[in-house]
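# Residue-level structural notes
Below, each chain spelled out in residue letters.
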2 protein chains.
Amino acid sequence: MPREAARELADLGQQLRVDAVRAAAAADSGHPTSSMSAADLAAVLLARHLHYDFDDPDHPGNDRLILSKGHASPLLYAMYRAAGVVDDAELLTFRRRDSRLEGHPTPRLPWVDVATGSLGQGLPVGVGMALAGKRLENAPYRVWVLSGDSEMAEGSVWEAAEHAAYEHLDNLTLIIDVNRLGQRGPTRHGWDLDAYARRLAAFGWHTIEVDGHDVEAVDAAFAEASATRSQPTAVIARTRKGRGVAQVEDREGQHGKPLPDADAAIEELGGPRFVRVEVSPPPAAPARRHPAGGPPELPRFEAGDSVATRDAYGQALAALGSAREDVVALDGEVGDSTRTEFFAKAHPERYFECYIAEQQLVAAAVGLQARGYVPFAASFAAFLTRAHDFVRMAAVSRAGINLVGSHAGVAIGQDGPSQMGLEDLAMFRAVHGSTVLYPCDANQTAQLVAEMAELTGVRYLRTSRGGTPVIYGPDEEFRPGGSKVLRSTGRDRVTVVAAGVTVHEALRAAELLDREGIDVRIIDLYSVKPVDAETLREAAEATGCLVTVEDHRVQGGIGDAVAEAFADGRPVPRLVRLGVQHMPASASPEDQLHLAGIDAESIAAAVRLLVERAVVR
Amino acid sequence: MPREAARELADLGQQLRVDAVRAAAAADSGHPTSSMSAADLAAVLLARHLHYDFDDPDHPGNDRLILSKGHASPLLYAMYRAAGVVDDAELLTFRRRDSRLEGHPTPRLPWVDVATGSLGQGLPVGVGMALAGKRLENAPYRVWVLSGDSEMAEGSVWEAAEHAAYEHLDNLTLIIDVNRLGQRGPTRHGWDLDAYARRLAAFGWHTIEVDGHDVEAVDAAFAEASATRSQPTAVIARTRKGRGVAQVEDREGQHGKPLPDADAAIEELGGPRFVRVEVSPPPAAPARRHPAGGPPELPRFEAGDSVATRDAYGQALAALGSAREDVVALDGEVGDSTRTEFFAKAHPERYFECYIAEQQLVAAAVGLQARGYVPFAASFAAFLTRAHDFVRMAAVSRAGINLVGSHAGVAIGQDGPSQMGLEDLAMFRAVHGSTVLYPCDANQTAQLVAEMAELTGVRYLRTSRGGTPVIYGPDEEFRPGGSKVLRSTGRDRVTVVAAGVTVHEALRAAELLDREGIDVRIIDLYSVKPVDAETLREAAEATGCLVTVEDHRVQGGIGDAVAEAFADGRPVPRLVRLGVQHMPASASPEDQLHLAGIDAESIAAAVRLLVERAVVR
């Protein structure tokens, strides 16, 4: 590199530092020192390696940049200023109300694909994007992930490291800003770059150790990364936190706060600069097209047959994949249980095995949706809790992903509580903008799989292990936010609200009660969120009392969802909730439902008690 | 080893296989093939390396054995039979209702410290136990973790690997049963033992590769592991799934099901055996004593001062640590934010830095409580979602742990949604047997910290970043399941139920409304679970309408908790819930509360609307 070019790069690094300091000063908060350590890395990347058309963020050839150390957002915004897409006035709106320049980056900015700020998520999501480029699009783009050193302690990083190497993602570069200081003090490995290199190399990565403030060395490292074939590359850069300002450089206690004297710091950094970087355009790449295709030819199930909803899920997903080329499926090494294997057989090229790594499973889905795909990722409902933080961040990313949890509830039987999804509805209901679906029969499941593919946000489908009777015809329609009144007379004394396996228990309970002359209304609340407040309200007005029954904890699930429907200040019906209140052990599915007090007999008993106590008409 | 001894060990291995096959056959379910691959490893461990008094599971010198591959429970139960503590009749109750021999091991068995069945949790929890032995007890016991190969894909394993090596846990041995077959097919690395060895060695472990069916080699490996100093050891054993029965050995499609022909298999394995193993007793070790100490000298805060509840937490925890020697604290590299640093300064020997690895943070706490300690583990509330599956399994383990989530809600301000705990109450409410506390002032926080240490199960405390006015005296008492009526007249028209920051907003709203002649009752619902149904019921009867207001999603939190209090079939008051319904961005704390509609003005507006609409008296 000519000396002049190196000087310009170093100068750009200083500009990025100055702007990070200025933004944090204007906000009176933020993470300038974490930005300053990575400024030279960012300068070299922006000026010489990133291929990106800022005017066309959707350009199919654009590289992707993920700032995994999202707290260094001032650096990212300084890069945008240098690229000419954020002006100086906007830079100084950092962290203000209504500014796009949030404390941590979010896709409110057109150049940000996914939100960051929960550490250890950038690489996992980047793997999803790189998989799309490599396996689906055959596109020329590279994925660059700029990570901190502290976040290398997150297990999710190692799930991703394994996944990336196994899939030979040579279009992926991880840049580690080893500034040796975490939030509260030194990291485990300090400046021992080799500690990171040894680990990543053992996981199958190509590794390059470099002085992160030597722009020529960094430039060479990035070039080497881009030229490396069949392996992802990690550029492990020794840097100094707060680099360039003596008062804070490499000092503890300077994390996450503006510089003590911003004006002096800016002067020390050489004063404000206004270098405008011409970012290299992306190579030509064909726009990806997914012909619309017709509606999916969903499987059709015979009324009265016993079919597990997980089976219906697998078949419907395979059918959806035939109709839509943008549908992809991900498995956490339980595809034979979740029935994702049906999709794997039909569409192996769009099937991604993530092995037993649920964080990576969800992260890869988030990465794939960022490239325009419609991912379905499935594991046991219980084990999706492993990925809770990724689901939470997916919502912040405005990501559209479909998650499917099988083996819901005590109804799985003998395997016992470790395998039972009993908290999943609570987890997914609380996710912003989520949809939560819980079908009770095979035809309903198939319809809902097709429906959920069309939604935005985080969509969750809960499936069951054992067979349940098919009670709906294959042409019956179901929609998110809907419900079905399965049984109703003019004389209903109580309404039973159920979903999934408890729908069938409720129907049996109604038969038991019918013999005693007690009529009950039954609602199949297959859409737990949004919840069908109107139908519930009608039932409340007709019967005055609702019994909810769910194969889930009584907190956060169907009981809570029904209560939420009545939280509008209008009169509320009497409510009783049946759900799993004990710690289950091994037992047959039938025994489990009985022991949990959510089987037909328990429902009938609850209704009888209400009627006898004359608290209902 | 004499040939006869080797023959006996091999024979014991066959017995364990036979018993695993028999148990699964009796249950008509279970995982015999996963048991058979590890049977020789288990035989050598039980007969020659484990030091354990089965009659005294609490013996302080007992080794700890964690079956991380919990689905291989038939193997564990076969070991118990060989040790003479489970008889043959009980062995055949495997997976039956009321049997202690559950599908996956739980502490209902006195020799099981923690439940397993969610893969990748055994090592993380084992690290906690080994830390106790090494750093706190100076005890002679070893921790043995028997793991599958598939579960090495879980990031949590690598968080634990890092933690164990960093802490030089040479009292910890990981045994990896590399049978090359996962649930649905081959693992990523098959029989490439070196793939595992390279990774673990890079993380700082001593590694030994061995033929897992060569009992002499296994014996030597375990001896080497025990003799290794200053490093944890991994014994990486090549095995064959279903070993010993040709019909299933090393075959795909044989996971998690009884053998096709159990009688023939037992014959092929040499028929039933009744070898009784004399397990080596533990070395003498002094019983650990924690003198009772007096009540903690909790910090006392002045009414009217502004103090962050996280500060009160840190001070109270340090005080608790002074009063109780069994209290330990764990940090996820945010101790300066959560204020766990106060404890670190006061009691550095009982402080555990887990770096940015929240799964390991919670797992280590579970391991420490299994050794009798009272752990407090803290991170941002948002990031505890990372450990959801560990919290779920802690409940299955009947573990007593205290978890503290700071930086709750939109009230953190500028940092934005990635850092805001908005789903944590939903997550913790749905955990079986949990307690969920959310204090609004410093004195309340201090009291609740002392209270929670005395409870069983998973206890969660939610703290806030910013200062809140001290409104309670230092001698006021608070108890889990309680609440405080902060304002009440005979003319209250609406009850406002708040907790944490919204208590102060509610008090301000009451002042606004007071000027308009509208009296409101205010309840500080600091115990979100259990919830004070009685006080809520009284308020409902007095005012007919309750407005809940929370700095959390409207699903799963305080609104749902209040609704749950009225799910007893009796009349329900009108309910309105205010909570965070949008995706927040950066803004000042005050603006955040306003934008979320949970500030004083929003509360007052909601009350006014109810009064004007005359839906309340």
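Residues numbered from 1 in each chain as written. Chains lettered and ligands numbered in written order. Predicted model: local features only at pLDDT ≥ 70, side-chain atom pairs only at ≥ 80, totals over all residues. Heavy atoms only, no water.

Going by what an unreviewed UniProt entry lists, chain A is known as Transketolase and is assigned to Streptomyces violascens. The record in UniProt for chain A states the following under Sequence similarities (unreviewed entry): "Belongs to the transketolase family." As recorded by UniProt, the Subunit (unreviewed entry) comment attached to chain A reads in full: "Homodimer." (UniProt positions renumbered as here; feature names shortened; annotations may be inferred.)

Helix and strand counts for chain A stand at 22 helices and 19 strands. Here chain A has a C-alpha radius of gyration of 27 Å; the compact-globule value for 617 residues is 25 Å, and the two agree. Summarising its shape, the C-alpha atoms of chain A cover approximately 95 × 50 × 40 Å along the three principal directions. By the burial criterion, 71% of the 617 residues in chain A qualify as buried. For chain A, long-range pairs separated by at least 24 residues make up 78% of all intrachain contacts whose partners lie at least 6 apart in sequence. Carbon and sulfur atoms make up 46% of the accessible area of chain A, which totals about 18100 Å². Averaging the positions of the 63 positive and the 86 negative side-chain charges in chain A gives two centres separated by 3 Å. (Helix = DSSP H or I, 4+ residues; strand = E, 2+ residues; numbered from the N terminus. Rg over C-alpha atoms; globule rule 2.2 N^0.38 Å. Buried < 20%, exposed > 50% of the residue type's maximum accessible area, 1.4 Å probe, protein only. Contact = heavy atoms within 4.5 Å. Areas by Shrake-Rupley, 256 points an atom, 1.4 Å probe, with all protein chains shown as cover. Lys, Arg positive; Asp, Glu negative; His and termini not counted. Charge placed at Lys NZ, Arg CZ, Asp CG, Glu CD.)

With that settled, the discussion passes to helix 11 (residues 309-323) of chain A. Between the first and last C-alpha of helix 11 of chain A there are 21 Å, a value that for 15 residues agrees with the 21 Å anticipated at 1.5 Å per step. Helix 11 of chain A sits mainly inside the fold: 13 of its 15 residues count as buried. (Expected span 1.5 Å × (residues − 1).)

A separate point is the relation of the copies chain B and chain A. Superposition record for chain B on chain A: RMSD 0.0 Å, screw rotation 180°, translation along axis 0.0 Å. Such a combination of rotation and displacement between the chain copies is what one expects of a two-fold axis. It is B:G155 whose C-alpha, among those of chain B, lies nearest the rotation axis, at 1.8 Å. Of all interface residues in chain B, 100% are interface residues in chain A too; the two copies therefore contact each other through one and the same surface. (Least-squares fit on C-alpha atoms with pLDDT ≥ 70 in both.)

All names here are of chain A. You can see E505 is positioned in helix 18 (residues 501-515). Classification of E505 by relative accessible area gives buried; the value is 11%. In this structure the side chain of E505 is engaged in a polar contact, spanning 3.2 Å, whose partner is the side chain of R508. (Polar contact = N/O pair within 3.5 Å; in protein donor to acceptor, adjacent residues only side chain to side chain.)

All right, on to the sheet that holds strand 15 (residues 494-498) of chain A then. Residues and elements named next belong to chain A. Reading across the sheet, the five strands line up as 14-16-15-18-19 and stay open at both edges, with mixed pairing between neighbours. Bordering the open sheet on either side are strand 14 (484-487) and strand 19 (574-580), each of which pairs with just one other strand. Going from strand to strand, the sheet's axes swing by 25° on average, the running direction of each strand aside. One ladder, built from five bridges, connects strand 15 with strand 16 (residues 520-524); its direction is parallel. When the sheet's bridge partners are listed, A498 is paired in strand 16 with D524. The strands that helix 19 (residues 533-543) touches are strand 14, strand 15, strand 16 and strand 18 (545-553); relative to strand 16, the one it contacts most, it runs at about 170°. (Pairing = 2+ DSSP bridges. Axes fitted to C-alpha atoms, helices over the stretch in contact; angles between N-to-C directions.)

It is worth spelling out the interface of chain B and chain A at this point. When the parts come together, some accessible area is lost, and that loss is often what is quoted as the size of the interface. Facing 107 residues of chain B, the contacting portion of chain A comprises 107 residues. Applying the counting criterion to the chain B and chain A interface returns 16 salt bridges. In this structure, B:R429 engages A:D560 in a salt bridge whose closest nitrogen and oxygen atoms are separated by 3.0 Å. Here chain B is connected to chain A by 63 residue pairs in polar contact (both at pLDDT 80 or more). A class-by-class count of the residues in the side of chain B that touches chain A yields 39 nonpolar, 33 polar and 35 charged. (Salt bridge = Lys/Arg side-chain N within 4 Å of Asp/Glu carboxyl O. Nonpolar A, V, L, I, M, F, W, Y, C, P; charged D, E, K, R; others polar.)

A few words on the sheet that holds strand 1 (residues 64-67) of chain A. Sheets are built from strands paired through backbone hydrogen bonds, the pairs being either parallel or antiparallel. All names here are of chain A. Pairing in this open sheet of five strands is parallel, and the strands run 1-2-3-5-4 from one edge to the other. Looking at the sheet topology across the chains shown, the edges are occupied by strand 1 and strand 4 (206-211). Averaged over all adjacent pairs, the angle separating strand axes in this sheet is 15°, with direction ignored. In the sheet, strand 4 pairs with strand 5 (residues 233-238) via six bridges, with the strands oriented parallel. Counterpart to V210 in the pairing with strand 5 is A237.

Bringing the packing of helix 18 (residues 501-515) of chain B against helix 22 (residues 600-612) of chain B into the picture now. Residue and element names in this part refer to chain B. Running from amino to carboxyl end, helix 18 crosses helix 22 at an angle of 55°, the nearest separation of the two axes being 8 Å. Taken together, the axes of helix 18 and helix 22 lie oblique to each other. For the crossing formed where helix 18 meets helix 22, the hand is right-handed. Here T502, E505, A506, R508, A509, L512 and L513 of helix 18 lie close against helix 22, whose contacting residues are A600, E601, I603, A604, V607 and R608. When the residues that make up the contact of helix 18 with helix 22 are grouped by side-chain class, the tally is eight nonpolar, one polar and four charged. (Parallel < 35°, antiparallel > 145°, perpendicular 65-115°, else oblique. Left-handed = near helix turned anticlockwise from the far one by under 90°.)

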